[in-house]
Amino acid sequence: MAGTTATEEEPHPFSLSVKLSLVMGPVLALIPFLYDPPGDLKAGAWRLIGLTLWMVAWWITEAVPIPATALLPIPFMPLLGIAGQKTVTSSYAHPLIYLFFGGFMIAAAMQRWGLHRRIALTTVNVLGTSPSGIIGSFMLASAFLSMWISNTATTIMMFAVGLSLIEYLADTISDKGRMRNFGVVLMLGIAYGASIGGVSTLVGTPPNAFLAGFLAESYGYTLSFASWLLVGIPFMIIMLPVGWLWLTRVTFPVKGLQFGKAKDLLKSELARMGPMSRAE
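A brief report on the enclosed structure follows. (Residues numbered from 1 in each chain as written. Predicted model: local features only at pLDDT ≥ 70, side-chain atom pairs only at ≥ 80, totals over all residues. Heavy atoms only, no water.)

**Structural notes on the packing of aromatic side chains**
Point 1. Under the definition given, this model contains 4 aromatic pairs.
Point 2. Between tryptophan 54 and tryptophan 58, the aromatic rings sit 5.4 Å apart at their centres with planes inclined by 85°, giving edge-to-face as the arrangement. A residue pair is termed a helical-turn pair when its members lie 3 or 4 positions apart in one helix, as tryptophan 54 and tryptophan 58 do in helix H2 (residues 43–61) at 4 residues.
Point 3. Among the residues examined, tryptophan 54 registers a relative accessible area of 8% and is labelled buried.
Point 4. Relative to tyrosine 219, the ring of phenylalanine 214 has its centre 5.7 Å away and its plane inclined at 75°; by these criteria the two rings are edge-to-face.
Point 5. One aromatic cluster is present, formed by Trp54, Trp58 and Phe76 through successive ring pairs. (Phe/Tyr/Trp six-rings, centres within 6.5 Å; stacked < 30°, edge-to-face > 60°. Helix = DSSP H or I, 4+ residues; strand = E, 2+ residues; numbered from the N terminus. Buried < 20%, exposed > 50% of the residue type's maximum accessible area, 1.4 Å probe, protein only.)

**So, a nonpolar patch on the surface**
Point 1. On the surface, a cluster of nonpolar side chains totalling about 420 Å² of accessible area is made up of Leu20, Leu22, Val23, Met24 and Val27.
Point 2. On the secondary structure map, leucine 20 appears in helix H1 (residues 15–34). (Patch = residues over 30% accessible without salt bridge, like charges linked within 9 Å, V, L, I, M, F, W, Y side chains within 5 Å. Areas by Shrake-Rupley, 256 points an atom, 1.4 Å probe, with all protein chains shown as cover. Salt bridge = Lys/Arg side-chain N within 4 Å of Asp/Glu carboxyl O.)

**Describing the layout of surface pockets**
Point 1. Volume-wise, the largest pocket comes out at about 200 Å³.
Point 2. Along the walls of the largest pocket sit Trp59, Ile66, Pro67, Ala70, Leu71, Ser91, Tyr92 and Ile97, which together make up its complete lining.
Point 3. Those elements that place two or more of their residues in the lining of the largest pocket are helix H3 (66–69) and helix H5 (85–92).
Point 4. The residue inventory of the lining of the largest pocket, partitioned by class, reads 7 nonpolar, 1 polar and no charged. (1 Å grid on protein atoms, 1.4 Å probe; cavity = no way out; pocket = protein on both sides within 12 Å on 5 of 7 lines; lining within 4 Å. Points joined across faces, edges and corners; volume = space filled by probe spheres on them. Nonpolar A, V, L, I, M, F, W, Y, C, P; charged D, E, K, R; others polar.)

**So, empty space enclosed by the protein**
Here the idea is plain: a probe the size of a water molecule rolls over the atoms and shows the empty space left.
Point 1. In this structure the tally under the stated criterion is 1 cavity of 30 Å³ or more.
Point 2. Of the volumes computed, that of the largest cavity is approximately 70 Å³.
Point 3. Lining of the largest cavity is provided by Leu99, Phe100, Gly103, Phe104, Ser150, Val203, Thr205 and Pro206.
Point 4. A total of 4 residues in the lining of the largest cavity trace back to one element, the largest contributor, which is helix H6 (residues 95–113).
Point 5. Of the residues in the lining of the largest cavity, the class split is 5 nonpolar, 3 polar and no charged.

**Comments concerning the nonpolar core**
Point 1. If you look at the biggest cluster of nonpolar residues, it comprises 37 residues, and the most contacted ones within it are Ile134, Ile135, Phe138, Met158, Phe182 and Leu186.
Point 2. Going through the elements one at a time, H6, helix H7 (115–127), helix H8 (131–146), helix H9 (151–170), helix H10 (176–199), helix H12 (225–251) and helix H13 (262–273) are the ones with two or more residues in this core.
Point 3. The contacts of isoleucine 135, once residues within four sequence positions are left out, are Phe182, Val185, Leu186, Trp244, Thr248 and Val254.
Point 4. Ranked by size, the runner-up nonpolar core spans 13 residues in total, among them Trp54, Trp58, Ala63 and Met77. (Core = buried A, V, L, I, M, F, W, Y, C linked by side-chain atoms within 4.5 Å. Contact = heavy atoms within 4.5 Å.)

Treat this as a map of the structure, not an account of what it does.
And the structure:
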């Protein structure tokens, strides 16, 4: 159209819902003040439901930044008579929160300096470049990383490495059906490897730490890092090979593929990264 410049931006598709959410969030929080609590529900719990609906509305539409929405309980839970300020703010300083925070910092640092990529490429280079060897290597690397950082963060980082390898190999393989199987198995292998590795340590996935916190607060039982390893490591040692065999032999067989150039690709990628830096 005449008069339209290239710098004009299209309206955000969710702009209307965002505007509605800004208003609807507080309105939802007021509902408990208009109706009596159902059944034997206490007034504080009834008001907490309203505050939760407010936060959910803002989280879904991202009417305000998600971290800002997470801070709503600090002023409003004391104002609504749900809990005292000291009780509310102490939850934000719970040891588990800092445990997650530390894991996310490690994940961000690894991604910033490409350490996850070096670990993945080195593992594949050592364990072999056959289709099943590559899948097993990625599963092992994902499991190892997920032992120390969030399994979700591990999966996201490793997906980027796996996709780049799939794109390269797809150009050299004529059998597109088997190549598709390989791509599917590699992506699933990364996800399964991260999930299995995340179970093996107390910090591998948030539910593990939540369980430790629940046992300590409710039953006075301290679940230490070492005691978790006694169960988690054997589980990982058993489930990784089982998951690898199931993916590569039963669900999506990858026999018959030849990745002759994969070894050269891995070596060139590692050479391009150079020696391990001090930051890594």
